[in-house]
Amino acid sequence: MLLVKLFGAKWRLVLSVLFICALILELGYCQKDAQEHRTTPGRKPKPTKPKLGGKATNKGPRAVTAKPKVKATPAAKGQTLLTQVLNKGKFKKLGETLSVQAGGTLELRCKGKPVQWGVPSYLEEDDDGRLRIVQHERYGVLTLVNSTGADTGEYTCYPMYCEDTDCRKEYDKAVKVFVFFPDPQELFVPSSDYYEVIQLRTNWPTLLPCQVTSPEAKVTLHREFPPAEVAVDGAEISFNVRRGFTIHRPRPHHAGALYCVASLGNLRQSSTKYMLIYVNYPMAPPAPVIQASSSSVALGENLHVSCTVMGEQDVVVDFTWEYPGQQIGRPPYTQESVRPDGGGGAARQQSQSVLLVEEVREVDQGTYTCTAQNLQGAKSASTTVKVVAKAKPKKP
Ligand SMILES: *[C@@H]1O[C@H](CO)[C@@H](O)[C@H](O)[C@H]1NC(C)=O
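Residues numbered from 1 in each chain as written. Predicted model: local features only at pLDDT ≥ 70, side-chain atom pairs only at ≥ 80, totals over all residues. Heavy atoms only, no water.

Peer 1: Would you mind showing me how to read the environment of Gly149 here?
Peer 2: Relative to the assigned elements, Gly149 resides in the loop between strand 8 (139-144) and strand 9 (153-163). For the pair Gly149 and Leu187, spaced 38 residues apart in sequence, the C-alpha separation works out to 7.9 Å. (Helix = DSSP H or I, 4+ residues; strand = E, 2+ residues; numbered from the N terminus.)

Peer 1: Explain the confidence of the model for the protein chain to me, please; I cannot follow it from the model alone.
Peer 2: The predicted coordinates of low-pLDDT regions are not to be read in fine detail. Residues at a pLDDT of 70 or more form 77% of the protein chain, whose mean pLDDT is 79. For the protein chain, the element scoring lowest by mean pLDDT is helix 3 (residues 54-58), at 32; strand 14 (residues 218-223) scores highest, at 97. Contacts from residues 1-79, a stretch scored under 50 in pLDDT, to residues over four places away or in other chains number 106 contacts. (pLDDT = per-residue confidence, 0-100. Contact = heavy atoms within 4.5 Å.)

Peer 1: I keep staring at the pattern of salt bridges and nothing clicks. Help me out?
Peer 2: Close approach of charged atoms allows side chains of opposite charge to pair. Scanning all chains against the criterion turns up seven salt bridges. With its nearest N and O atoms 3.2 Å apart, the salt bridge here joins Arg130 to Asp128. Judged by its relative accessible area of 9%, Arg130 falls in the buried class. In this structure, Glu224 and Lys273 form a salt bridge, with 2.9 Å as the shortest nitrogen-oxygen distance. Here Glu224, found in the loop between strand 14 and strand 15 (228-230), pairs with Lys273, found in strand 19 (residues 267-279); they are 49 residues apart in sequence, far enough to count as distant. Overall, Glu224 belongs to the partly exposed group, its relative accessible area being 34%. Salt bridges here are not isolated pairs; linked through shared partners, they connect Asp128, Arg130 and Asp151. (Salt bridge = Lys/Arg side-chain N within 4 Å of Asp/Glu carboxyl O. Buried < 20%, exposed > 50% of the residue type's maximum accessible area, 1.4 Å probe, protein only.)

Peer 1: What am I meant to see in the pairing of strand 14 here?
Peer 2: Looking along a regular strand, one sees side chains alternate from face to face of the sheet. Most of strand 14 sits out of view: five of its six residues are buried. With six bridges joining them, strand 14 and strand 18 (residues 256-264) adopt antiparallel strand pairing. Paired with Thr220 across the strands is Val261, a residue of strand 18. Direction of pairing for strand 14 relative to strand 15: antiparallel, over a ladder of three bridges. Note that in strand 15 the partner of Leu221 across the bridge is Val230. If you look at the hairpin formed by strand 14 and strand 15, you'll find four residues sitting between the two strands. (Pairing = 2+ DSSP bridges.)

Peer 1: Just to check I follow, could you spell out the side chain of Arg223 for this structure?
Peer 2: By the secondary structure assignment, Arg223 is in strand 14. Despite its burial, Arg223 pairs with no opposite charge, the nearest such side chain being Glu236 at 8.4 Å. Among the polar contacts made by the side chain of Arg223, one reaches the main-chain carbonyl oxygen of His253 at a distance of 3.4 Å. Polar side-chain contacts of Arg223 include one of 2.8 Å to the backbone oxygen of Ala255. (Lys, Arg positive; Asp, Glu negative; His and termini not counted. Polar contact = N/O pair within 3.5 Å; in protein donor to acceptor, adjacent residues only side chain to side chain.)

Peer 1: Mind showing me how you'd approach the sheet that holds strand 27 (residues 377-388) here?
Peer 2: Pairing between the strands of a sheet comes from backbone hydrogen bonds, and it takes one of two forms, parallel or antiparallel. The mixed open sheet is built from four strands, whose spatial order is 21-27-26-23. Edge positions in the sheet fall to strand 21 (296-298) and strand 23 (318-322), since each of these pairs with one other strand and no more. Ignoring which end each strand starts from, the neighbouring axes of this sheet average 30° apart. In the sheet, strand 21 pairs with strand 27 via three bridges, with the strands oriented parallel. Paired with Ser296 across the two strands is Lys386, which belongs to strand 27. (Axes fitted to C-alpha atoms, helices over the stretch in contact; angles between N-to-C directions.)

Here it is as structure tokens:
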């Protein structure tokens, strides 16, 4: 009878938790889900970036006879190892950024014996023969031909430190240059996704990576509904031509569908859509406090062990229990509750899980541990309970 009752309670709890989670999921606010999946439910996993030249080849081969238009920002300090190779043995010192007209050839030379190269990740994944890396005696050369706007990104040279045949990258000596490949037809680096889901965590900077292929493009940020341009003041939201837009301290009102618009000359294009989902992100892992109704319980009596977390409002805390009765298959019969805590300035709440042990037996003696978890992490608290013989009624 007791077991049936306990299982009933357990399943009701599990079902109601599942139901609530499904309901929350519908609203797009289920924290766990948001943490584990970057894409919306039911959507196929994010495909890899477009194949090299995927977009370009569809439109037929590009003219490669045209001389690449080359332009660089002033040289940064220490960028002496990496140079750009121009026509016939001419070299050019590099700054932080460089532009090579899409369709043209990028040729970089880096001093070192040997060196290793870092390229935008999709070039690494889908090398279709356009990228060539050659190591000469005193320097390495990277050549990228038939470039497209999609090649836009960071190119890094790592000098290697070798002892006999054992080599490792010298990260502190790495030199990098951000290369734009301005494409007259594509202002944004192409993406194979129609939209991208991005999590906005409380007070964590969030990047909307709408990467342009030309440093000259003027980029603005827009909200889909209600349609409006989003103010970019450089403090709350800022723009970097090498990264995109950053929302520095996300708040719930930043959520929604956003996209970037780039314009250059007569061309005006929209980026991939970004679905921003706000997640109430806690500042710290929870700090549970555990307390048993009594540290010594008589056989046959009931025992309650409570686990309490004081935390920020609207931050979900998950509780799990370890207790001696688990060994004999006692189901976890728990009651969970959340109530606001009005005291103090910041809105806080108290989350609590109470483990109920009915009709205590000897096996229930031992350590009770509660683990409380939120999106920042988990912490445990323990207490021990002694089981004693029933108190004999005192003779009057
Ligand atoms: C570059 O483009 C030209 C002209 O379309 C083509 O003939 C050549 O094979 C391409 N080279 C590479 C390495 O893809």
